[in-house]
Amino acid sequence: MASGGTFRNLLLVLPLCLALASLVGGVASRRFWIENDTFRKDGAPFQIVGGDVHYFRIVPEYWKDRLLRAKALGLNTIQTYVPWNLHEPEPQSWEFKGFADIESYLRLAQELEMLVMLRIGPYICGEWDLGGFPPWLLTIEPALKLRSSDSSYLSLVERWWGVLLPKVAPLLYNNGGPVIMVQIENEFGSFGDDKNYLHYLVQLARRYLGNDIILYTTDGGAMGNLKNGSIPQDDVFAAVDFETGSNPWPIFRLQKKYNLPGKSAPLSSEFYTGWLTHWGERIATTDATSTAKALKTILCHNGSAVLYMAHGGTNFGFYNGANTGQDESDYKPDLTSYDYDAPIKEHGDVHNAKYKALRRVIHECTGTPLHPLPSDIEKASYGLVKLQKVASLFDIIDNISDPLKVSVSEHPLYMEQIGQMFGFLLYMSEYEGKLPSSILSIPKVHDRAQVFVSCSVDGFRNLRYGGVIERWSNKTLEIPNLRCSSTTSLYILVENMGRVNYGPYIFDRKGILSPIQIDGITIRHWKMYPLALNSLDNLPKLQLITQIPYVGASKMSIHGDSKKNLQELSSYSNGSISALPAFYEGHFHIDHESEIKDTFISFRGWNKGVAFVNNFNIGRFWPARGPQCALYVPAPILKSGDNIVVIFELHDPNPELTIDFVTDPDFTCGPNQ
């Protein structure tokens, strides 16, 4: 029997023991690991039912809404890439606000009781410009060897991760945050076999994140991909992806060969719910029933899966990526919409067959309670809006170009070389036009060039449209002889339509990358005007565009007397006037805040260009090519009172000069529909 003093001491010690036990049950006991080929969370088996929801493709005001819709689908984990180019748009210029506020996004996921799988790159793919690499990497000489153990490249990765990973470390699961796994690189096995590069990334990640976090790779579920892309000797978990509908279990057995014993929990880290679409293609769709059946084959046998995508979102601004075929000229840029035929649509709607079918399967296989189906977000049709032509590009070129970046060179310079990362670049030179017509040759243009000519003494007054040269169907162009008394001025407007994000041709500089010849003679002495469409405050009467606060190439605003400017720009005479690039402006009024709702702008009848709503770049439109006819306008970028739409149309405008605000997306434009 204990003495009275001993008993009193036990009473004093008991609260301390209870406090320690509470701590063990709290942050100190938080742990996520793999054991016996099973994910384990805080000591219990755990099945990942995840989905990709990318913070940078959603207006921040809708982050919570989209995550709640993912949770109602039955997901317990969110996966997202981290695009380097969003966070370091210029060397050592760091962006972590607005769309780039990744810390707030991760904390929000935790508030909603969702875990996170974070894909930190440095290469991400993701149908995102340059696979997430900042395009200023393309300006460094000698040229960097991206995705390799090139020491110059790795030093920049180290600088980037030295900023990013200290922000991630407190948000790791073991430290009380939501991040259970961190992916390095992405599908490297289909690109190369530089294991020294992968080893370096692992060491760098461990330096900041420690040894307890699960690092993982994702590769296609084939032997060659896994052999090149996996690094089990560094205790890095190898996950797989494969075509939806494939038998997953032979692939999961192959996966085990590239993981340490007992460390191969079956995981499809990209279970494809749909697919991407390029301009000129039919919109990609997949069957809801077969997609749900394929997911059931994984989940109902205790496998884990991450839906790619759970919610696709939008490639706002100029951030869409592109693919290539057999060579780099077989160029295929992605749409502005990244709907992906995902269960949560681009605009958030969930009342569709795929969402409901996947939700039923997740409930059946995991026992996750069926939460009430979220209601769709209200949308509004603001009707037809009349636009007016504000300015033709050539009349304001001196005002909307950054004078510090206007360049003169013997030969054409590429876009990044003059410090411009997105948008357009106008090349100007002169030649002797003596034949009835001349043949223009640009062997390497990235990506689309519009050609104009005029007599040098007339400047823009006699400007004639000559045609288009496109990267994917590069042909010579016959241009007219204007019978000038002096030399002929040549203008070539080149659009950067999005950098390649996958494959061997990702080193994708933009602009004109070859000599330019007319009738076999190389044209020299070029002047280049950058048109980034993000910093046009030099315009004295028509301040078209102001800088976006969180990242370049995204905002536009119009001020000034439009009628006066229109009168001043009435000097054009001959030529295909309607084919000249021009800016158009329209206004629409919303009476009350309660009437501010999501909407779409239909561009039927327009040709090709970029659209801005209240200073925000909602993306590219190209109904002439299709399939996307309408651009998504989220309610948070609208306001009560006057709303302004600015369109930069590269060719012919809608004859009525109207746009239509509608309530539904439309992917039925173009000749292939």
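Note that the structure is predicted; figures quoted are calculated from it, not measured.

Cut-offs used in this document
The residue count restarts for each chain, going from 1 along the sequence in the order it is written. Per-residue local features of the predicted model are confined to residues with pLDDT of at least 70, and side-chain atom pairs are confined, for both listing and counting, to 80 or more; whole-chain, interface and lining totals are unaffected and use all residues. Hydrogens are left out, water is left out, and the side-chain values use all remaining heavy atoms of the structure. Salt bridges, as used here, are contacts in which a Lys or Arg side-chain nitrogen is within 4 Å of a carboxyl oxygen on Asp or Glu. Note on conventions: DSSP H or I runs of at least 4 residues are helices, E runs of at least 2 residues are strands, and numbering of each starts at the N terminus. Classification of residues uses two cut-offs on accessible area relative to the type maximum, computed with a 1.4 Å probe and protein chains only: under 20% is buried, over 50% is exposed, and between them is partly exposed. Cysteine sulfur atoms are paired as a disulfide whenever they fall within 2.5 Å. Being paired, for any two strands, means DSSP has found at least two bridges between them. All axes are obtained by fitting lines to C-alpha atoms, using only the stretch in contact for helices, and the reported angles, taken between N-to-C directions, cover 0 to 180 degrees.

Draft legend 1. The pattern of salt bridges, seen in detail. Under the counting rule described, the total for this entry stands at 31 salt bridges. Here arginine 119 and glutamate 270 are joined by a salt bridge, their closest N and O atoms 2.7 Å apart. In this pair, arginine 119 sits in strand E6 (residues 115–119) while glutamate 270 sits in strand E10 (residues 267–272), placing the two residues 151 residues apart along the sequence. The residues arginine 119 and glutamate 270 share a single accessibility class, namely buried.

Draft legend 2. Representation of the state of the cysteines. Per the stated rule, a full pass over the model turns up three disulfides. Shown here is the disulfide that connects cysteine 629 with cysteine 669, its sulfur atoms set 2.0 Å apart. The sign of the S-S torsion, about 130 degrees, decides the handedness of the disulfide formed by cysteine 629 and cysteine 669: right-handed. A residue pair is termed long-range when its members are at least 10 positions apart, and cysteine 629 in the loop between strand E30 (616–621) and strand E31 (630–633) and cysteine 669 in the segment after strand E33 (658–662) qualify at 40 residues. Each member of the pair, cysteine 629 as well as cysteine 669, carries the same accessibility label: buried. The connectivity of the disulfide-linked cysteines in the chain, indexed sequentially, is 1-2, 3-4, 5-6.

Draft legend 3. Quick look at the sheet that holds strand E32 (residues 641–649). Pairing is antiparallel in the open sheet, where eight strands are placed in the order E30-E29-E32-E27-E14-E33-E28-E31. Only two strands of the sheet have a single partner each, and these edge strands are E30 and E31. Between one strand axis and the next, the sheet turns through 25 degrees on average, direction left out of account. Summarising the sheet, strand E28 (residues 599–602) and E33 pair through three bridges and their orientation is antiparallel. In the sheet register, isoleucine 601 faces E33, and the bridge partner there is phenylalanine 661.

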